[in-house]
Amino acid sequence: MIQTAIKSAAKATSTRERAKRTSKEKLVRAARNLMLAQGYPITSVDDIIEAAGVSKGSFYHYFDSKEELALTAMHEFLADGAALMMDGPFRDIADPRKRAIAFLKHIESVAMRLWDHGCLLVMFSVELAGTSPKVREETSAVLLDLIDRVGAILRPLTKEGGGNMPMTASAMANMYMAIIDGSLVYARATGDSRCIAR
């Protein structure tokens, strides 16, 4: 009888934990999709709650504000994107210069999957970083980390890495990320995402 009660309690706890996790995941996913589609300022908490199919109480159980949820959605979006960016066939290439070129080709091949609907990092940098120190701090930290990671891959193409490009790996990565970010802003402004894949 005691074993049955323990199993029943464990099952109920597991079900509650799964429901909690599911509600939070639904909120994050809804925020991510809505903010990518229409931007942060237009997306309301009520829109997110409705799209997630959860109660307002659930929202405030997990998040203190729309900004906190937005940053959580941004980090999830970036984790998914970084996994796709950094896990391509280029990783298996031994020669560092060939690996760097293969990385650039890989990014080109997955660009539409990564950014066809936009990028929360770019959006939040444009829409919120000027008014929210927390968003500015987090978007800046993420961008600097990406530049470091991309710079490490591209370094063999630069003079400091034995290549021909007359710039540092950091400068090259900055330039590369600026081109991507500019393409994303252009795609958003024109409604034409084809420039992302070029």
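The rules behind each value
Residues numbered from 1 in each chain as written. Predicted model: local features only at pLDDT ≥ 70, side-chain atom pairs only at ≥ 80, totals over all residues. Heavy atoms only, no water. Core = buried A, V, L, I, M, F, W, Y, C linked by side-chain atoms within 4.5 Å. Buried < 20%, exposed > 50% of the residue type's maximum accessible area, 1.4 Å probe, protein only. Helix = DSSP H or I, 4+ residues; strand = E, 2+ residues; numbered from the N terminus. Contact = heavy atoms within 4.5 Å. Phe/Tyr/Trp six-rings, centres within 6.5 Å; stacked < 30°, edge-to-face > 60°. pLDDT = per-residue confidence, 0-100. Axes fitted to C-alpha atoms, helices over the stretch in contact; angles between N-to-C directions. Parallel < 35°, antiparallel > 145°, perpendicular 65-115°, else oblique. Nonpolar A, V, L, I, M, F, W, Y, C, P; charged D, E, K, R; others polar. Arc of directions from axis to C-beta. Salt bridge = Lys/Arg side-chain N within 4 Å of Asp/Glu carboxyl O. Expected span 1.5 Å × (residues − 1). Bend = angle between axes of the 7 residues up to and from the residue. Polar contact = N/O pair within 3.5 Å; in protein donor to acceptor, adjacent residues only side chain to side chain.

Caption draft 1: Local environment of the nonpolar core. Membership of the largest hydrophobic core comes to 58 residues, with the highest contact counts inside it found for Leu27, Met85, Phe103, Trp115, Leu120, Phe124 and Val150. Residue assignment for this core shows that the elements contributing at least two residues are helix 1 (2-38), helix 2 (45-52), helix 3 (56-62), helix 4 (66-86), helix 5 (96-115), helix 6 (120-127), helix 7 (133-154) and helix 8 (169-190). Per element, the largest residue contribution to this core is nine residues, and it comes from helix 4. Excluding residues that lie within four positions of it along the chain, Leu120 makes contacts with Arg32, Met35, Leu36, Ala73, Met74 and Phe77.

Caption draft 2: Representation of the packing of aromatic side chains in the model. Applying the stated criterion across every chain yields a total of four aromatic pairs. For the pair Phe59 and Phe63, a centre-to-centre distance of 6.0 Å together with 45° between the ring planes defines the contact as tilted. Taken individually, Phe59 and Phe63 each receive the classification buried, so the pair is uniform in this respect. Measuring from ring centre to ring centre gives 5.1 Å for Phe90 and Phe103, while their planes differ by 75°; the resulting arrangement is edge-to-face. Taken together, the positions of Phe90 in the loop between helix 4 and helix 5 and Phe103 in helix 5 put the pair 13 residues apart, joining distant regions of the chain.

Caption draft 3: Focus on the confidence of the model for the chain. Taken residue by residue, the chain gives an average pLDDT of 87. The fraction at 70 or more is 89%. Summarising per-element confidence for the chain, the mean pLDDT is lowest in helix 1 (68) and highest in helix 2 (96). Ignoring residues within four places in sequence, the model shows residues 1-13, a span with pLDDT below 50, making zero contacts including any to other chains.

Caption draft 4: Looking closely at the packing of helix 6 against helix 8. Close contact between helix 6 and helix 8 brings their axes to 10 Å; oriented N to C, the two are set at 75°. By the angle between their axes, helix 6 is roughly perpendicular relative to helix 8. Side by side, helix 6 and helix 8 meet where Val122, Met123 and Val126 of the first sit next to Asp181, Leu184, Val185 and Arg188 of the second. The residue makeup of the contact of helix 6 with helix 8, split by class, is five nonpolar, no polar and two charged.

Caption draft 5: View of the packing of helix 4 against helix 6. Viewed as axis vectors pointing N to C, helix 4 and helix 6 meet at an angle of 145°, and their least axial separation amounts to 9 Å. Here helix 4 contributes Ala70, Leu71, Ala73, Met74, Phe77 and Leu78 to the contact with helix 6, which in turn contributes Leu120, Leu121 and Phe124. Among the residues forming the contact of helix 4 with helix 6, the class breakdown is nine nonpolar, no polar and no charged.

Caption draft 6: Summary view of helix 2. Buried residues of helix 2: Val45, Ile48, Ile49 and Ala52, and no others. Buried residues of helix 2 fall within an arc of 100° about the axis and therefore sit on the same side. A positive phi of about 70° marks Gly53, the residue just after helix 2.

Caption draft 7: Broad picture of the pattern of salt bridges. For the structure on display, the rule yields nine salt bridges. Salt-bridge contacts for Arg32 lead to Asp80; the nearest nitrogen and oxygen are separated by 2.8 Å. Note that Arg32 is positioned in helix 1 and Asp80 in helix 4, a separation of 48 residues in sequence. Looking at Asp80, the relative accessible area reads 39%, which means it is partly exposed. One salt bridge connects Arg155 with Glu160, and the closest N-O pair in it is separated by 3.9 Å. The partly exposed category is assigned to Glu160, whose relative accessible area is 39%.

Caption draft 8: Focus on helix 5. The end-to-end C-alpha distance of helix 5, which contains 20 residues, comes to 26 Å, matching closely the 28 Å that a straight helix rising 1.5 Å per residue would cover. Bending of helix 5 peaks at approximately 45° at the position of Ser109. Among the residues of helix 5, those classed as buried are Ala100, Ala102, Phe103, His106, Ile107, Val110, Ala111, Leu114 and Trp115. Among the structural elements, helix 4, helix 7 and helix 8 are those in contact with the buried residues of helix 5. Where helix 5 begins, the side chain of Asp95 points an oxygen toward the backbone nitrogen of Arg97, at a separation of 3.1 Å.

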